[in-house]
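Architecture at a glance
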Amino acid sequence: MTEQKRISNALKFEVTGQCPESRARAGVVTTAHGEIETPIFMPVGTLASVKSVSVEELKSCGAQIILGNTYHLYLRPGMEVIEHMKGQHRFMNWDRPILTDSGGFQFFSLAKLAKFSDEGVSFQSHIDGSRHLFTPEKAVEIQSILGSDIMMSLDWCIGHPADKRETLEALKKTTLWAKRGVTYWQEHGAPNALFGIVQGGMYKELRALSAEQLIDLDFPGYAVGGLSVGEPTELMYEMADHTVPLLPAGKPRYVMGVGTPQNLVELVGMGVDMFDCVMPSRNARNGQLFTEKGTINISNARFRLDDAPIDETCQCDTCRNYSRAYLRHLYKTRELLAYRLNTIHNLHFYLNLMKEVRQAIRTGTYLTFKRQFYSKLQE
RNA sequence: GGUGGGGUUCCCGAGUGGUCAAAGGGAUCAGACUGUAAAUCUGACGGCUCAGCCUUCGGAGGUUCAAAUCCUCCCCCCACCA
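Heads up: these notes are all about the structure in this document. (Residues numbered from 1 in each chain as written. Chains lettered and ligands numbered in written order. Predicted model: local features only at pLDDT ≥ 70, side-chain atom pairs only at ≥ 80, totals over all residues. Heavy atoms only, no water.)

1. Here we look at the overall build of chain A
Across its full length, chain A holds 15 helices and 16 strands. For 379 residues, the compact-globule estimate of 2.2 N^0.38 gives 21 Å, and chain A sits close to it at 20 Å. Burial analysis of chain A (379 residues in total) assigns 56% to the buried set. Of the roughly 16100 Å² of accessible surface on chain A, 49% is carried by carbon and sulfur atoms. In chain A, which carries 42 positive and 42 negative side-chain charges, the distance between the mean positions of the two groups comes to 3 Å. (Helix = DSSP H or I, 4+ residues; strand = E, 2+ residues; numbered from the N terminus. Rg over C-alpha atoms; globule rule 2.2 N^0.38 Å. Buried < 20%, exposed > 50% of the residue type's maximum accessible area, 1.4 Å probe, protein only. Areas by Shrake-Rupley, 256 points an atom, 1.4 Å probe, with all protein chains shown as cover. Lys, Arg positive; Asp, Glu negative; His and termini not counted. Charge placed at Lys NZ, Arg CZ, Asp CG, Glu CD.)

2. Some details on the packing of aromatic side chains
By the definition in use, this model includes 16 aromatic pairs. Ring geometry for Phe 116 and Trp 177: centres 6.4 Å apart, planes at 10°, overall stacked. One end of the pair, Phe 116, is in strand E7 (residues 114–116); the other, Trp 177, is in helix H7 (residues 164–188), and 61 residues separate them in sequence. Since its relative accessible area comes to 24%, Phe 116 is described here as partly exposed. (Phe/Tyr/Trp six-rings, centres within 6.5 Å; stacked < 30°, edge-to-face > 60°.)

3. Considering the pattern of salt bridges
In total, this model carries 17 salt bridges according to the counting rule given. A salt bridge links Asp 218 to Lys 251, with the nearest nitrogen and oxygen atoms 2.8 Å apart. Of this pair, Asp 218 sits in the loop between helix H8 (204–215) and strand E12 (222–224) while Lys 251 sits in the loop between helix H9 (233–243) and strand E13 (253–255), and the two are 33 residues apart along the sequence. Judged by its relative accessible area of 19%, Asp 218 is buried. (Salt bridge = Lys/Arg side-chain N within 4 Å of Asp/Glu carboxyl O.)

4. Digging into unusual backbone geometry
The omega angle of the peptide bond from Thr 38 to Pro 39 is -5°, so this bond is cis rather than trans. Within the secondary structure, Pro 39 is located in the loop between strand E3 (34–38) and strand E4 (40–43). Of note, the amide linkage connecting Val 258 to Gly 259 takes the cis form, showing an omega dihedral of 15°. Positive phi outside glycine occurs at Ser 52, with the angle close to 80°. Looking at Ser 52, the relative accessible area reads 32%, which means it is partly exposed.

5. Examining the sheet that holds strand E1 (residues 12–18)
Taken together, the three strands give an open sheet; going across it, the order is E1-E2-E3, and neighbouring strands pair in antiparallel fashion. The sheet terminates laterally at E1 and E3, the two strands that pair on one side only. Geometrically, the sheet is characterised by an average inter-axis angle of 20° between neighbouring strands, direction not taken into account. Here six bridges tie E1 to strand E2 (residues 25–31), and the two strands are oriented antiparallel to one another. When the bridges of E2 are listed, Val 15 appears paired with Gly 27. Contacting E1, E2 and E3, helix H14 (residues 336–362) crosses the sheet at an angle of about 120° to E2. (Pairing = 2+ DSSP bridges. Axes fitted to C-alpha atoms, helices over the stretch in contact; angles between N-to-C directions. Contact = heavy atoms within 4.5 Å.)

6. Here's the deal with the protein's contact with RNA strand B
Around RNA strand B, the surrounding shell holds 44 residues, and the nearest of these are Cys 157, Gly 257, Val 278, Lys 332 and Tyr 339. Close to the protein, within 4 Å, the atoms of RNA strand B belong to sugar or phosphate groups at a rate of 49%. Note that a phosphate oxygen of RNA strand B is positioned 3.1 Å from one of the side-chain N or O atoms of Gln 106. Within the side chain of Asn 300, a nitrogen or oxygen atom sits 3.1 Å from a phosphate oxygen of RNA strand B. Of all elements in the fold, only strand E5 (66–69), helix H5 (104–109), strand E14 (274–277), helix H11 (279–285), helix H13 (324–332) and H14 reach the threshold of two or more residues within the surface near RNA strand B. For the surface near RNA strand B, the leading source of residues is H11, giving five residues. In the surface near RNA strand B, the residues fall into 15 nonpolar, 19 polar and 10 charged. (Near = heavy atom within 4 Å. Polar contact = N/O pair within 3.5 Å; in protein donor to acceptor, adjacent residues only side chain to side chain. Nonpolar A, V, L, I, M, F, W, Y, C, P; charged D, E, K, R; others polar.)

7. Concerning the pairing of strand E9 (residues 131–134)
Going residue by residue along E9, you find His 132 and Phe 134 tucked away on one face and Arg 131 and Leu 133 left uncovered on the opposite face. Pairing analysis gives four bridges linking strand E8 (residues 121–124) to E9, with the strands arranged antiparallel. Pairing of Ser 122 across the sheet is with Leu 133, part of E9. Hairpin connection, E8 to E9: the antiparallel pair is bridged by six residues, and Gly 129 has positive phi, about 80°.

8. Structural notes on the packing of helix H10 (residues 261–268) against H14
Relative to each other, H10 and H14 sit at 25°, their axes nearing to 11 Å. The pairing of H10 with H14 is recorded here as roughly parallel in orientation. The crossing of H10 and H14 is right-handed. Where H10 approaches H14, its residues Pro 261, Leu 264, Val 265 and Val 268 are matched on the opposing element by Phe 349, Tyr 350, Leu 353, Met 354, Val 357 and Ile 361. Each residue belonging to the contact of H10 with H14 can be placed in one class, and the counts come to 10 nonpolar, no polar and no charged. (Parallel < 35°, antiparallel > 145°, perpendicular 65-115°, else oblique. Left-handed = near helix turned anticlockwise from the far one by under 90°.)

Here you go:
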């Protein structure tokens, strides 16, 4: 009998700073494509592209790692292209780490096209209606071909509200699939790391159960999934605050799909290391821009003659070079440049926020930072 | 000068007796967006003392219980002919 590889060895994580008065911590994750500093925000690049910006621009925004999506890339361009192009990194010319979501979220957001079973998820493509089967093994296989530095286990994400029976069923399936993913990973010797995803809806005991079952599988990192799925923010915080401490302190902890700048600052204080969210990129394309003092909608008439940058304190390429009046004009006229410049700003804002958060944790001033963050918002 | 077509709420444009403050676009204004089917979606868009009332469909008259819609005259625009 061959000795099984320990999946937890697939990724290195080192805690480099801890905030004394909260659970916030800073750290470094080492992947096949280099290190990332935590807490970190990961821009979402579903289709091997963070919409509207180039990888050069992403780097200038300070992006250290980005997301890709298994479901979307499997459908288009398809695995033949990815294999031929030797993986997602080379395909899109991004040489830093990539984390891919397993597709679990798509089976939630495209639920009418998906059918769940022990085997996996059979679904119809949202593009052409063709039928496909995703198993936990296949999810790992596809992500290996994509060359993801961090792969996500196939999970069953449910919305809010959901009754306990339904939540438990999704949780059980998520654990079963996690086990099968780990087994597949061990049998095929994938070099990529695989994270487990805690489910359990808004039930604390189910969150605990899910965490416990996944910890047994000894993943190198853990995600908390199924948050920000329609529940009030306070409930989301409550669930995160309950779940995150149950996860191993020596491994990265990732809250999936969250959130607003305030969400990130709060969750960091609960010990979360990694985040992703479409908000900065999508909202940029929809005209909502983030500033220290809160969000603005660049299409508002009050910016028509405004010669100031989006945010006076921002050092992004957009703020250093362009006025609100110009950005409003670009947005109102649907000039393509609007999407790009807005996205650069929002991503820079998020990434810079995390940079400041890391700095504050390392210097033991996280709580002060948090206070200042909120007081600026109120100005 | 003749013949034909037309002037509708910010713009384009439906509507040809009541169900019309008037379809549909656009523009404008505001909002939403949380592991991206999203450069998307929603709402407002004549005025007011707002479940009602007032003003509006080139202008002025008229017919009718009732007119953006029918009649008369006038003004303006477009096409073709001379």
